[in-house]
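# Analysis of the macromolecular model
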Amino acid sequence: MTWTQQIEVGTELPALKIGTISRTTLTLFAGASGDHNPMHIDIDVAKSAGLGDVFAHGMLSMGYLGRLLTDWVPQQRIRSYRVRFAAITPVLGQPTATGKVVSIDEVDGERRATLELAVTLADGTVTLTGDAVVAL
Amino acid sequence: MAVDSAFIGTQLPATTLTVDAGRLRFFAKAIGETNPLYTDVEAAKAAGYADLPVPPTFLFSIELENPDQFRWVVDQGIDPRFVLHGEQSFTYHSIAHAGDTLTATPRIVDVYSKKGGALEFIVKNTAVTRADGSAVADLETVIVVRNPGAAK
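Being a predicted model, the structure only gives us computed values, none of them experimental.

## Concerning the sheet that holds strand S1 (residues 15-18) of chain B
- Pairing within the open sheet is antiparallel, and its 10 strands lie in the order S1(A)-S3(A)-S4(A)-S5(A)-S2(A)-S2(B)-S5(B)-S4(B)-S3(B)-S1(B). In the strand order of this sheet, the two ends are held by strand S1 (16-17) of chain A together with S1 of chain B, each with one partner.
- Pairing of strand S4 (residues 119-130) of chain B with strand S5 (residues 135-146) of chain B, which is carried by 11 bridges, proceeds in the antiparallel orientation. By the bridge assignment, B:Lys124 is partnered in S5(B) with B:Thr141.

## As for the nonpolar core
- By size, the foremost hydrophobic cluster in this structure holds 63 residues, and its most contacted members are A:Leu65, A:Tyr81, A:Leu115, B:Leu59 and B:Phe90.
- No other element matches the eight residues that helix H3 (residues 58-72) of chain A contributes to this core.
- Among residues more than four places away in sequence, those in contact with A:Leu65 are A:Tyr81, A:Val83, A:Ala97, A:Thr98, A:Leu117, A:Ala118, A:Val119 and A:Leu128.
- Ranked by size, the runner-up nonpolar core spans 12 residues in total, among them B:Trp72, B:Ile108, B:Val111 and B:Val145.

## Here we look at the confidence of the model for chain B
All names here are of chain B.
- Averaged over all residues, the pLDDT of chain B equals 93, while 96% of them reach at least 70.
- Of all the helices and strands in chain B, helix H3 (residues 71-75) carries the lowest mean pLDDT, 89, while helix H1 (residues 21-30) carries the highest, 98.
- For this predicted complex, the interface confidence score (ipTM) comes to 0.95, while the overall pTM stands at 0.95.

## Re the interface of chain A and chain B
- The interface of chain A with chain B comprises 34 residues on the first partner and 35 residues on the second.
- Interface of chain A and chain B: buried area, both sides summed, is about 2,900 Å²; carbon and sulfur atoms make up 59% of it.
- Broken down residue by residue, the surface that chain A buries against chain B is led by A:Ala32, A:Met59 and A:Gln75, which jointly contribute 20%.
- If you look at where chain A meets chain B, you find zero salt bridges.
- The tally of links from chain A across to chain B stands at 14 residue pairs in polar contact (both at pLDDT 80 or more).
- Within the residue set of the side of chain A that touches chain B, elements represented by two or more residues are helix H1 (23-33), helix H2 (43-48), H3 and strand S2 (78-85) of chain A.
- Grouping the constituent residues of the side of chain A that touches chain B by class yields 16 nonpolar, 12 polar and six charged.
- As judged from the five bridges shared by S2(A) and strand S2 (residues 83-92) of chain B, these two strands associate in the antiparallel manner.

## Describing H1(B)
- B:Arg23, B:Leu24, B:Phe27, B:Ala28 and B:Ala30 are the residues of H1(B) that are buried. Down the axis, H1(B) shows its buried residues gathered within 160° of arc, on one side only.
- Tucked into the core, H1(B) has its buried residues touching H1 and H3 of chain A together with S1 of chain B.
- Phi turns positive, to about 75°, at B:Gly32, one or two residues after H1(B).

## Remarks on the pairing of strand S3 (residues 96-107) of chain A
Residue and element names in this part refer to chain A.
- Direction of pairing for S1 relative to S3: antiparallel, over a ladder of two bridges. Across the sheet, the residue bridging to Leu16 is Ala97, located in S3.
- Examined bridge by bridge, S3 and strand S4 (residues 110-120) share 11 bridges and lie antiparallel to one another. Along S4, the bridge assignment pairs Gly99 with Leu117.
- Linkage of S3 to S4, two consecutive antiparallel strands, is achieved through a turn of two residues, within which Asp108 is found at a positive phi near 50°.

## Quick notes on the environment of B:Ala104
Residues and elements named next belong to chain B.
- As for its placement among the helices and strands, Ala104 is situated in strand S3 (residues 101-114).
- Given the relative accessible area of 0%, Ala104 is considered buried.
- Taking the C-alpha atoms as reference points, Ala104 and Val41, 63 residues apart in sequence, are found 25 Å from one another.

## Brief notes about the pattern of salt bridges
- If you walk through the whole model with that rule in mind, you get 11 salt bridges over all chains.
- Residues A:Arg23 and A:Asp53 are paired through a salt bridge, measuring 2.9 Å at the closest nitrogen-oxygen approach. In this pair, A:Arg23 is assigned in helix H1 and A:Asp53 in the loop between H2 and H3, connecting sequence segments 30 residues apart.
- Salt-bridge contacts for B:Glu63 lead to B:Lys124; the nearest nitrogen and oxygen are separated by 2.4 Å. Within this pair, whereas B:Glu63 is found in the loop between helix H2 (41-46) and H3, its partner B:Lys124 is found in strand S4, the two being separated by 61 residues in sequence. For the pair B:Glu63 and B:Lys124, one class covers both residues: buried.
- By sharing partners, the salt bridges in this structure join A:Arg79, A:Asp108, A:Glu110 and A:Arg112 into a single network.

The rules we used
Residues numbered from 1 in each chain as written. Chains lettered and ligands numbered in written order. Predicted model: local features only at pLDDT ≥ 70, side-chain atom pairs only at ≥ 80, totals over all residues. Heavy atoms only, no water. Pairing = 2+ DSSP bridges. Helix = DSSP H or I, 4+ residues; strand = E, 2+ residues; numbered from the N terminus. Core = buried A, V, L, I, M, F, W, Y, C linked by side-chain atoms within 4.5 Å. Buried < 20%, exposed > 50% of the residue type's maximum accessible area, 1.4 Å probe, protein only. Contact = heavy atoms within 4.5 Å. pLDDT = per-residue confidence, 0-100. Buried area = accessible area lost by both parts, 1.4 Å probe. Salt bridge = Lys/Arg side-chain N within 4 Å of Asp/Glu carboxyl O. Polar contact = N/O pair within 3.5 Å; in protein donor to acceptor, adjacent residues only side chain to side chain. Nonpolar A, V, L, I, M, F, W, Y, C, P; charged D, E, K, R; others polar. Arc of directions from axis to C-beta.

Take a look at the structure:
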């Protein structure tokens, strides 16, 4: 019996705890992702828009959730992956990525699991919610 | 100011990026990726990949290769400081690898507002394809524009 046969509705993915997000994290992500929006790396620009500080790129947290997925299934099994950015992630935020199986269906001749996903900060703020469909 | 609904259907400039192993290692470092198959070509090959796989969310970066990436926002009269990423989705067709030349073709598919114009939404669909035209993924991005002056 392979591991994917043991997956059922309610199965939880091993949570992925991320370390503290620093300004260095945001600078590296700006360069590596190509997202040069100064709102994430330049406190002067953030203040000029009425914010107290820079905040993390949404796609950084989506990248963490992507790691949760690829830690769990080979990437070629991911059929779709989507998120809604529910709250900003401040500097020094400590995100944890979680997911669980909410349904299993037969689609196009393959067994697919739908996963419910979230990223939550240490203070309980949910910053991302989403779902992914993976072939088992 | 309100985003003109005539913006719907607009094709934005396509961008192309030849993904190399160095950029993928930089991205892996930036998201804290520790799985060697995203940084070590031999590990990737041992896992059955032709080269380092392009991770699921890096495909969003292809359209960011545009040297003036906020131009289309500014052209709509929007201050990029008040733009937020609302939603993002990926539908995958095939895995891309280091060495692939990928093209992103973005198109505006919807514009709408909520809360009396205080929030405006722009929906953009982007196809990512290889040089031979084969499909890698289809992306949908929802951008939220805050209009602090509206609906007060």
